[in-house]
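Here is what each chain is made of, one letter per residue.
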Amino acid sequence: YAIVGICGLWYAFLMSGVHATIAGVLLAFTIPTKTRINKRGFINHVQVLLNKLKTTKSIEGEYLSDEQHEIIEDIKEEREKVETPLQKLEYNLNPVVSFFILPLFALANAGIEIQPESWSGLLEPVSIGIAAGLIVGKCIGILSFSALFVKLGISELPENTNWGTMTGAAIMAGIGFTMSIFISELAFEDPAVKAQAKLAILIASTVAGVVGMIVIKTF
């Protein structure tokens, strides 16, 4: 489905002049959502194989015997039967879409042009203000109101959460892209300042994500 859909259908739509997004919609309609066995059958079959695996004779060390290896392969086949082709394709594409396609799509549509002279603008008041607002401002605002609401008894911290985790989450709230760029488009008229603001948003969002993740992992 992925090879024919992407290399065949999507490319054909693209070259025909029809918007290639339509190819994705049509392809999704054709991918089966049924499984060869249901969940109950999968559990029963795997349970039989696991019981068989327990009774087989083991060999010394960490290696599997030929019989054990065959049982493991049978379990893999049962797993294939209980997965729908649609969910399997979606699951396998998720890392590629999340970490490559979506960021590339966002950057391409944001119109950010990174040139050598762009980096010098990061020390301008506009860039510093944007970075301070996204990284520091959002963190202070979220933590302050959260602490106030907890103090007043209006709400309480989620289970297994402390203020260190809340701090990390508040910092990660500084990840702004579409709305931040939209506001910068409305706020500035000079194209050079708009480009400077977009680059500052991109860098500040990256810093907020990395620092927030580190804080959450630490606490």
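Rules behind the numbers
Residues numbered from 1 in each chain as written. Predicted model: local features only at pLDDT ≥ 70, side-chain atom pairs only at ≥ 80, totals over all residues. Heavy atoms only, no water. Salt bridge = Lys/Arg side-chain N within 4 Å of Asp/Glu carboxyl O. Helix = DSSP H or I, 4+ residues; strand = E, 2+ residues; numbered from the N terminus. Buried < 20%, exposed > 50% of the residue type's maximum accessible area, 1.4 Å probe, protein only. Core = buried A, V, L, I, M, F, W, Y, C linked by side-chain atoms within 4.5 Å. Contact = heavy atoms within 4.5 Å. Expected span 1.5 Å × (residues − 1). Bend = angle between axes of the 7 residues up to and from the residue.

**Points about the pattern of salt bridges**
Tallied over the entire structure, the rule returns six salt bridges. With its nearest N and O atoms 3.0 Å apart, the salt bridge here joins glutamate 185 to lysine 198. Highlighted residues: glutamate 185 in helix H8 (residues 178-187) and lysine 198 in helix H9 (residues 191-218), separated in sequence by 13 residues. On the basis of relative accessibility, which here comes to 31%, the residue glutamate 185 falls in the partly exposed class. Look at the salt bridges and you will find they share partners, linking Arg79, Glu80 and Lys88 into a network.

**Some points on the nonpolar core**
Counting seven residues, the largest nonpolar core consists of Ile130, Leu134, Ile181, Ala197, Ala200, Ile201 and Ala204. Listing elements by their share of this core, those giving two or more residues are helix H6 (125-152) and H9. Take this core: its biggest share by element is four residues, from H9. Setting aside residues no more than four positions away along its own chain, alanine 204 makes contact with Ala131, Leu134 and Ile135. Ranked by size, the runner-up nonpolar core spans six residues in total, among them Cys139, Met166, Ile171 and Val215.

**Some thoughts on H6**
Spacing of three or four residues puts side chains on the same side of an α-helix, whose turn is 3.6 residues. Compared with the 40 Å implied by 1.5 Å per residue over 28 residues, the 37 Å span of H6 between its first and last C-alpha is a close match. Glycine 133 marks the point of greatest bend in H6, at about 40°. Among the residues of H6, those classed as buried are Ser127, Ile130, Leu134, Cys139, Leu143 and Ser146. Elements that come into contact with the buried residues of H6 comprise helix H7 (163-172), H8 and H9. Of the residues trailing H6, glycine 153 is marked for its positive phi of about 80°.

**Some points on the environment of valine 215**
Mapped onto the elements of the fold, valine 215 is located in helix H9. Residues valine 215 and threonine 165, spaced 50 residues apart in sequence, show a C-alpha to C-alpha distance of 7.0 Å.

**Some thoughts on the environment of lysine 54**
Mapping lysine 54 onto the fold places it in helix H3 (residues 39-55). It is 42 Å that separates the C-alpha atoms of lysine 54 and methionine 213, two residues lying 159 residues apart in sequence.

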